Amino acid sequence: MTSSSKQVNPWAALSALCVGFFLIMMDTTIVSIAIPGMLTDLNANLNQITWVNSVYLLTYAVPLLVAGRLGDRLGRKPVFLAGMALFTAASLWCGMSGSVEMLIAARAVQGVGAAVMAPQSMAFISTLFPENRRGAALGVWGAVAGVATVVGPLLGGVLVDTVGWEWIFLVNVPIGVLGLCMTVWLVPGGQPRNNRRFDVLGTVLSGLGLFALVFGLQNGQYYDWGTVAGPVTIVGVIVLGTVLLVAFVGWQRYNTHEPLMPLALFRQRNFSAAAVAAASIGFALTGLYLPLTLILQSVLGLSSQEAGSLLVPMAVAGGVAGPLAGTLSDRISGKWVVLSGFVVFAVGIGMVAAVSDPETSPWLLTAALFVCGTGSGSAFAPMANVAMRDMPFELLGAASGTYNSVRQVGCVIGSAATSVLLQAQLSASLQSSATDAAAGLPPEPRQEFVDEMNRAGTLAEGTGAAPPTMEGELADLATRTFHQAMGEAAGTTLLLLVAVLVVGSAACLMMTPREREEQKPHPVSGPNSAAEEAADSQPPRTR
């Protein structure tokens, strides 16, 4: 039986696609909880361990545009399978790594596998489901993303405390094998392939531009925003990346035959607005975890497993809100669903900032995280539905790759900006708090106390413990001072995320509401009609 005649259950196919997407999103957050164990076991410094996560973000962000086009050219199913196989093999390599250098290399390969998979899953949904059911499907897809980013630290904390940090990677292997089998059996493989030329120059310009920009942002703090090597500076790298990306956009405008990122995508108002919103929510979601982790572990003094457990309400809220919001966006305009999600998410982060204090009850923080999960889950899926709703079939791969690339670059910028601001705020807060705390000390230990606390005001040493030179009551005073300063710094940093979500909300207001006539049910004869049409060798008719 050929793929064109085979009965396909689109929800079963979606379950297979969500396995791969779950792994991708979980691995963007799971490493943070394992940093102390990796520092010790691999005899590494903080910069090397930071690269374990940074290189994954880099190699995930850079190839996304190309990966979307590969699905159009070679077929989405084989490209998705190749990406999942690469990701699974790289996860095994990560778990077996005996040195930090090998782990960084394996994480780089893992990021490439993630980049190959991500655009295919979103494009598949747009062909498997008719328009009047697509919101519900993207709701499930968005809920998977929201749950996975929260499950990462939760599962990571359990694995690190029980069997070791290696298992945050090895756990991907059986899940990846299951996902491969499900994809082979459940996902249709008859999508048409387009025998078109490949935009080599666009690929080079976008890849090098994104790499340079992301490298500069991720590593600016490490190099003190100065010299990297010889005449190469962080500012120069960022400027180079910006120039290359501008040249890429110019080339896409000039290359009217086979552009990697057709600028026609941005002539659609909804896609442009959704892209800005996607970057905003990516910024906020990724930027949330560093200050939140420090609040839970350094301010409240929770263990890795306890900190992960407090994230469960956020995961549950996101998992429930995503499908509900996606279904709702099929019935009313997705614009208002997305906007509501942004507002609720911003309120939730504001609540976290308000209770980031050493005396805070964990229950208050749990309530704030529940609001965060409700908001992010409600915004994520309908936003993708709005972006892809009116996209022509032949542009689905390019649109999906562009949308995911913009969101991922937002994630990278959010991670870098949050880290920079948090360190600056921590330094300022510690200086003020240490001066106030030392006011009652004799003159000689007073200055020593202030100097030691100022030296501790870096993320490299910001674990919440007193400096090793302090003992007894002085050490207790230092710990209390640090906790107070960290809470203030984290709370202030979280306000940046609220501001970014306000920008995303403004983008949501620019979206066009769906007209009544567009909400009529898609004329299909049965539940599998859309899947059968997607599996046919001819593209579906457009309106």
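Details of the structure are given in the entry above.
Parameters and conventions
- Residues numbered from 1 in each chain as written.
- Predicted model: local features only at pLDDT ≥ 70, side-chain atom pairs only at ≥ 80, totals over all residues.
- Heavy atoms only, no water.
- Helix = DSSP H or I, 4+ residues; strand = E, 2+ residues; numbered from the N terminus.
- Buried < 20%, exposed > 50% of the residue type's maximum accessible area, 1.4 Å probe, protein only.
- Contact = heavy atoms within 4.5 Å.
- Salt bridge = Lys/Arg side-chain N within 4 Å of Asp/Glu carboxyl O.
- Phe/Tyr/Trp six-rings, centres within 6.5 Å; stacked < 30°, edge-to-face > 60°.
- Lys NZ or Arg CZ within 6 Å of the ring centre and 35° of its normal.
- Axes fitted to C-alpha atoms, helices over the stretch in contact; angles between N-to-C directions.
- Parallel < 35°, antiparallel > 145°, perpendicular 65-115°, else oblique.
- Left-handed = near helix turned anticlockwise from the far one by under 90°.
- Nonpolar A, V, L, I, M, F, W, Y, C, P; charged D, E, K, R; others polar.
- Lys, Arg positive; Asp, Glu negative; His and termini not counted.
- Patch = residues over 30% accessible without salt bridge, like charges linked within 9 Å, V, L, I, M, F, W, Y side chains within 5 Å.
- Areas by Shrake-Rupley, 256 points an atom, 1.4 Å probe, with all protein chains shown as cover.

K.L.:
Looking at this model, I keep getting lost on the environment of Phe 342. Mind explaining?
P.N.:
One can find Phe 342 in helix α15 (residues 334-354). Overall, the relative accessible area of 0% leaves Phe 342 in the buried class. When the C-alpha atoms of Phe 342 and Ile 281 are compared, they prove to be 7.9 Å apart, with 61 residues separating the residues in sequence. Excluding its chain neighbours within four sequence positions, the residues that come into contact with Phe 342 are Ala 277, Ser 280, Ile 281, Ala 379, Met 383, Leu 501, Gly 504, Ser 505 and Cys 508.

K.L.:
Teacher, can you tell me more about the pattern of salt bridges here?
P.N.:
Should the charged atoms of two oppositely charged side chains come close, the side chains can pair. Inspection of every chain in the model, using the stated rule, returns one salt bridge. Between Arg 107 and Asp 27 there is a salt bridge, with its nearest N and O atoms 3.5 Å apart. Of this pair, Arg 107 sits in helix α6 (residues 100-128) while Asp 27 sits in the loop between α1 (10-26) and α2 (35-41), and the two are 80 residues apart along the sequence. The same class applies to Arg 107 and to Asp 27, which are both buried.

K.L.:
Would you mind going over the packing of aromatic side chains with me for this structure?
P.N.:
For any two aromatic rings, the description comes down to two numbers: the centre-to-centre distance and the angle of the planes. Enumeration according to the criterion identifies six aromatic pairs in this entry. Ring centres 6.4 Å apart and planes at 85° place the aromatic pair Trp 165 and Phe 169 in the edge-to-face group. Both rings, one in Trp 251 and one in Tyr 254, keep their centres 5.6 Å apart while their planes meet at 35°; by these two values the pair is tilted. Note that Trp 251 and Tyr 254 are positioned in helix α11 (residues 234-254) at a spacing of three residues, about one turn of the helix. Judged by its relative accessible area of 66%, Tyr 254 falls in the exposed class. Stacked on the ring of Tyr 56, the Lys or Arg Arg 107 has its end atom at 4.3 Å from the ring centre.

K.L.:
Would you mind showing me how to read the packing of helix α10 (residues 200-219) against α11 here?
P.N.:
A pair of packed helices is captured by two measures, namely the crossing angle of their axes and the spacing between those axes. Following both chains from N to C, one finds α10 and α11 inclined at 150°, their axes separated by 7 Å at the closest point. On the basis of their axis angle, the class for α10 and α11 is roughly antiparallel. Read as a crossing pair, α10 and α11 show a hand that is left-handed. Counted by class, the contact of α10 with α11 contains 16 nonpolar, eight polar and no charged residues.

K.L.:
What is the right way to look at the side chain of Arg 407 in this model?
P.N.:
Within the secondary structure, Arg 407 is located in helix α17 (residues 396-437). Buried and unpaired, Arg 407 has Asp 27 as its nearest opposite-charge partner, separated by 14 Å. Ignoring any residue separated from it by four or fewer positions in sequence, one finds Arg 407 in contact with Phe 21, Met 25, Tyr 60, Trp 141, Ala 278, Ala 279, Gly 282 and Phe 380.

K.L.:
Would you explain the side chain of Gln 252 in this entry?
P.N.:
Looking at the element boundaries, Gln 252 is found in helix α11. Setting aside its immediate chain neighbours within four residues, Gln 252 contacts Asp 199, Gly 202, Pro 259, Leu 260, Met 261 and Leu 263.

K.L.:
Hey, could you run me through a nonpolar patch on the surface in this one?
P.N.:
A surface patch of nonpolar side chains, about 340 Å² in accessible area, is lined by Phe 198, Val 200, Val 204 and Leu 208. Turning to its location among the elements, Val 204 is positioned in helix α10.

K.L.:
Would you mind going over the packing of helix α12 (residues 269-299) against α15 with me for this structure?
P.N.:
Between α12 and α15, whose axes approach to 12 Å, the crossing angle comes to 20°. For the element pair α12 / α15, the angle class is roughly parallel. Here the hand of the crossing between α12 and α15 comes out left-handed. Along the contact surface, α12 presents Ala 277, Ser 280, Ile 281, Ala 284, Leu 285, Leu 288, Leu 292 and Ile 295, while α15 presents Phe 342, Phe 345, Ile 349 and Val 352. A breakdown of the residues in the contact of α12 with α15 according to their chemical character gives eleven nonpolar, one polar and no charged.

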